[in-house]
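Structural features, examined
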Protein chains: 2
Amino acid sequence: MKKFINSPEDVVTDALEGMAIAHADLLKVCREPDYIMRADGPVRGKVALVSGGGSGHEPLHGGFVGRGMLDAACPGAVFTSPTPDQILAATRAVDGGAGVLHIVKNYTGDVMNFEMAAELMQAEGVDVRQVIIDDDVAVKDSLYTAGRRGVAGTVLAERICGGAAEAGADLETLTALCTEVNAGTRSMGIALTPCTVPHAGKPSFALAEDEMEFGIGIHGEPGRARVKLEPADRVAEMLMEPILEDLPFSAGDEILLFVNGMGGTPLLELYILYRKAYEIAQQHGLKVSRHLVGSYTTSLEMAGASITLLRLTGAMRQAWDAPVLTPALRWGA
Amino acid sequence: MKKFINSPEDVVTDALEGMAIAHADLLKVCREPDYIMRADGPVRGKVALVSGGGSGHEPLHGGFVGRGMLDAACPGAVFTSPTPDQILAATRAVDGGAGVLHIVKNYTGDVMNFEMAAELMQAEGVDVRQVIIDDDVAVKDSLYTAGRRGVAGTVLAERICGGAAEAGADLETLTALCTEVNAGTRSMGIALTPCTVPHAGKPSFALAEDEMEFGIGIHGEPGRARVKLEPADRVAEMLMEPILEDLPFSAGDEILLFVNGMGGTPLLELYILYRKAYEIAQQHGLKVSRHLVGSYTTSLEMAGASITLLRLTGAMRQAWDAPVLTPALRWGA
């Protein structure tokens, strides 16, 4: 296993310490239980947004903590749900008196632990709502979850709700907005290589030199099919087809097009995929008015990519464009 | 060779088309000869900054075109110098009447072709200066260059000079500033895996499961030594030692600390390296007042990292902090 780590046990701790030092202006990293919060939090009178999940998907979620996005993120061990006490501590720390929204990727452990923490907070008199993100069209059930998985679309939900929260939206409005973003978001991923979880020490699966895993999850869990290597334009078609079939986008719809790298994919290749995905969107009469290209929801060093489409409303677009200031996304701030 | 490409011949063209579509608000991609320029360029009365080099190092250089950084970038074929006609066309296109600065990584072909273009522009009556970046302490001469190579430190030069140019610095001042930034910058890199140039179709070198290439260049060219795998903290020490020996930083110096990923390295691992590099800097009495962590100067999908230290002056810090709005770096804008 070739990685810049000290030991499998220390990966998350060491990385959190690095983040804390590098981004001391934006973030506060709290330890035992571990969570990352806005340096200027809690923000009085603002609804707080908390997310989290297994580590290994960076910059998701810790890199998205800051003004206009998350108030806190709870990093679990690599590909492992955060514990209820992490979520509880984070929620308590960032509660600004206007309620807290938990944005949770649909994995059984994550959902359960966030629910547990939410119940405890409710008992303390804090209004906590939960929206589950399940944007992955690849598979119905998987190794880690019942129902669809939450993947790269989570970034869009965190950003849009974060923008709206900063602008003063209340908990009711944000819960509805997040639900609407999730309902209008579809993602599909593909992998060229596996990744190696430090604790496991060996690749999560094996792919032949001419094979791709189509419909890959963000933990290297199996997808729809193992297929032969195809040119990038064909790959973009393969990813766009199930998305467009699943969510009946109509000609004239305004969308956000997001091409996400899984960690080991050069930016050059993401732009090649974006080119074709954009062309396909246009052929369907969709108006791509916003975009994101980069490695924002990763699977350690996996070479792979996903495409996400979000049907944008005016409110979503406005929240997307609002200032954001986090380690991984920043504009207008 | 597993890549999201259509054919080795089309890699750069397809990616440029993707960039053009994704970043139409910031960039204009001109074709035949190929270059990327600011959408709002040429900026009248401002010194124009032009850089470029082989493709495969993205976001360097095209991702750094925009307000507060480069006016134009010339992408060569993968790991291949841009041609004089590309550089000439780009320089002509962004010349705003206040002269043009070429920021050139020290590779023989790059330097020669930028010089040729500069001479032709001089003949047209445009004042063009050249600053060569050679921040790599790893080797004296290499496969591609006489003298030291230009590597990740280039990003810092482009940003700082870009910030100063936007604030109105003249060509004389910018040439001196760029020279000073280069003189105060040192980098050192290491690789865990090779990368595959699309045209070659096979990895540029082979490393055993327990080996690292110490002092790697950004084209997979050999470094100082092939060494055994070490824990991340030791790797950070190995990278910091030759930097600190080479440039006599003094206790109390203010520095910018930059941990760069080579393309296939998870962000998690970059933060682990940053943590230790910061600690070492502190032990030497250096004051880390600015930082950068991420994959900004890559070698396709290579798993590897480099550390760069820059001794900051007040003028450099001010230019670093000024607004920047490019696809890959943006703040305050």
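As the structure is a computational prediction, the values presented were derived from the model and not from experiment.

**A word on the domain arrangement of chain A**
Often the size quoted for an interface is simply the accessible area lost on bringing the parts together. Residue and element names in this part refer to chain A. Per the domain assignment, the segments making up chain A are domain 1 (10–183 + 321–331) and domain 2 (185–314). Its C-alpha centre places domain 1 at a distance of 23 Å from the equivalent point of domain 2. Listed per partner, the contact involves 34 residues of domain 1 and 35 residues of domain 2. Surface buried jointly by domain 1 and domain 2 totals about 2,700 Å² across both partners, of which 63% is contributed by carbon and sulfur atoms. When the buried surface of domain 1 facing domain 2 is broken down by residue, F79, V137 and L156 rank first, second and third, together holding 21% of it. Linking domain 1 to domain 2 there are three salt bridges. Among the salt bridges present, the one from R290 reaches D321, with a minimum N-O distance of 2.6 Å. Viewed at the interface, domain 2 and domain 1 are joined by 16 residue pairs in polar contact (both at pLDDT 80 or more). Those elements giving two or more residues to the side of domain 1 that touches domain 2 turn out to be α4 (153–166) and α5 (171–183).

**Structural notes on the relation of the copies chain B and chain A**
Each copy of the sequence occupies a distinct position, and chain B is placed on chain A by a rotation of 180° and an axial shift of 0.0 Å, giving an RMSD of 0.0 Å. Here the transformation between the copies is reduced to the relation of a two-fold axis. Minimal C-alpha separation from the rotation axis in chain B is found for G264(B), amounting to 2.0 Å.

**Describing the packing of aromatic side chains**
All names here are of chain A. On inspection of all chains with the given rule, the structure shows eight aromatic pairs over all chains. Ring plane angle 35° and centroid distance 6.2 Å describe the contact between Y274 and Y278, whose orientation is recorded as tilted. Taken together, the positions of Y274 and Y278, both in helix α7 (residues 267–283) and four residues apart, correspond to about one turn of that helix. Its relative accessible area of 1% is what places Y274 among the buried residues. One aromatic cluster is present, built from ring pairs that chain together F64, F258 and Y296.

Criteria and cut-off values
- Residues numbered from 1 in each chain as written.
- Chains lettered and ligands numbered in written order.
- Predicted model: local features only at pLDDT ≥ 70, side-chain atom pairs only at ≥ 80, totals over all residues.
- Heavy atoms only, no water.
- Domains from an automatic or database assignment.
- Contact = heavy atoms within 4.5 Å.
- Buried area = accessible area lost by both parts, 1.4 Å probe.
- Salt bridge = Lys/Arg side-chain N within 4 Å of Asp/Glu carboxyl O.
- Polar contact = N/O pair within 3.5 Å; in protein donor to acceptor, adjacent residues only side chain to side chain.
- Helix = DSSP H or I, 4+ residues; strand = E, 2+ residues; numbered from the N terminus.
- Least-squares fit on C-alpha atoms with pLDDT ≥ 70 in both.
- Phe/Tyr/Trp six-rings, centres within 6.5 Å; stacked < 30°, edge-to-face > 60°.
- Buried < 20%, exposed > 50% of the residue type's maximum accessible area, 1.4 Å probe, protein only.

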